[in-house]
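If you want the building blocks of each chain, they are given just below.
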Amino acid sequence: MSELQDIVSRSSQFMAAVRALETKRPDRLFDDPYAERLAGAEIIAQVKPILKGADERGRPFAAVRTRFFDDFLFSLASPINQIVILGAGMDTRAFRLPWHPETCIYELDRPEVLQKKESILQDTPAKCQRICVAANLGQLWYSQLIAAGFQAEKPALWLLEGFLYYLKDTEVYSLLNQISELSAIGSSLGTDLINIKMLQEAGNELSRRWRYGCDRPEELFAEYGWKASVIEPGDEGAHFGRFTFQKPPCEVTGVARSFLVRATKKTV
């Protein structure tokens, strides 16, 4: 496994630890009874003081992001019953959200990542039709997705949570082009991005491996036929009473920012 792949895998475990610790809170934004096993005690111990500091600053980004995309997926899963989670890692939405039985979730990640999750959750039934697609996003993953039953002629929900900024510019553009080619009009996509200022300021174990920043997500997605709505954590609809940090207004430049993106496919 390359160093970058190892970092991204660790990020997935870190997010499982976030969900495990959030689940123990009386004011939790969601429940994830599986996250503790997926993260492991060592990672949870590492994450705990980081989360404490984020909460004290009114910036519980990871918990807010999880709840935001929970709501995004679940609000659209009735009219659109095929969901693709790219870079699924230790995601547990197939197990913890009350899906309609006909909902089909495709979890796509590298074989070793999916195998690790399977070994931990092997006796846990999913609450929907869950299909694991072992593939590398740098290869012909879309062919494997279609072979697994994905129907490109029907609208789909896509989730790209917490990993676009680990890719190079050209990799991001290639991935968005591939997703767009697989997406019927009416498909929806959720992702998070950082701006270039945040990319420049990154410095901890995970963020120092970030490689992609975008100042204008709406314009990025429009190039691929999507109409995007973009908000920042702490905005109305993305604070959940917990993200209380007061950031500068959006027109203020030179500020490190993260974005939560919801997009709808409008053109072929």
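Anything mentioned here points back to the structure above.
How each quantity is defined
- Residues numbered from 1 in each chain as written.
- Predicted model: local features only at pLDDT ≥ 70, side-chain atom pairs only at ≥ 80, totals over all residues.
- Heavy atoms only, no water.
- Helix = DSSP H or I, 4+ residues; strand = E, 2+ residues; numbered from the N terminus.
- Rg over C-alpha atoms; globule rule 2.2 N^0.38 Å.
- Buried < 20%, exposed > 50% of the residue type's maximum accessible area, 1.4 Å probe, protein only.
- Contact = heavy atoms within 4.5 Å.
- Phe/Tyr/Trp six-rings, centres within 6.5 Å; stacked < 30°, edge-to-face > 60°.
- Lys NZ or Arg CZ within 6 Å of the ring centre and 35° of its normal.
- Pairing = 2+ DSSP bridges.
- Salt bridge = Lys/Arg side-chain N within 4 Å of Asp/Glu carboxyl O.

Quick look at the overall build of the protein
Looking only at helices and strands, one finds ten helices and seven strands in the protein. Taking 268 residues into account, the globule formula puts the C-alpha radius of gyration at 18 Å, and the protein, at 18 Å, falls close to it. For the protein, the C-alpha atoms occupy an extent of roughly 45 × 45 × 35 Å along the three principal directions. In the protein, which comprises 268 residues, the share counted as buried stands at 49%. Counted over contacts in the protein with a minimum sequence separation of 6, partners at least 24 positions apart contribute 75%.

Let's talk about the environment of tyrosine 142
Its location among the elements puts tyrosine 142 in helix H7 (residues 141-147). Once the C-alpha coordinates of tyrosine 142 and glutamine 46 are considered, the two residues, 96 residues apart in sequence, prove to be 35 Å apart. Once residues lying within four places of it in the same chain are set aside, the contact partners of tyrosine 142 are Gln178 and Leu182.

Topic: the packing of aromatic side chains
Summed over all chains, the structure comprises eleven aromatic pairs. Between tyrosine 106 and phenylalanine 150 the ring centres are 6.1 Å apart and the planes differ by 80°, which places this aromatic pair in the edge-to-face class. Separated by 44 residues along the polypeptide, tyrosine 106 in strand E2 (residues 104-109) and phenylalanine 150 in the loop between H7 and strand E4 (157-160) bring together distant segments of the chain. Each member of the pair tyrosine 106 and phenylalanine 150 is classed as buried. Taken together, a centroid distance of 6.2 Å and an interplanar angle of 85° make the contact between tryptophan 141 and tryptophan 158 edge-to-face. Taken together, the residues span a long stretch of sequence, with tryptophan 141 in helix H7 and tryptophan 158 in strand E4 at a distance of 17 residues. Each of the two residues, tryptophan 141 as well as tryptophan 158, counts as buried. Counting every residue linked through ring pairs, the aromatic cluster contains Tyr106, Trp141, Tyr142, Phe150 and Trp158. Against the face of phenylalanine 245 rests arginine 59, its NZ or CZ located 4.1 Å from the ring centre.

Examining the pairing of strand E7 (residues 258-265)
Within E7, six of the eight residues are buried, which leaves it mostly tucked inside the rest of the structure. Pairing of strand E5 (residues 188-194) with E7, which is carried by seven bridges, proceeds in the antiparallel orientation. Its bridge partner being in E7, threonine 191 is matched across the sheet by valine 261.

Points about the pattern of salt bridges
Under the criterion given, the structure shown has 26 salt bridges. With a closest N to O distance of 2.7 Å, arginine 93 and aspartate 70 form a salt bridge. Taken together, the residues span a long stretch of sequence, with arginine 93 in helix H5 (residues 93-96) and aspartate 70 in helix H4 (residues 61-76) at a distance of 23 residues. On the accessibility criterion, arginine 93 (1% relative accessible area) is buried.

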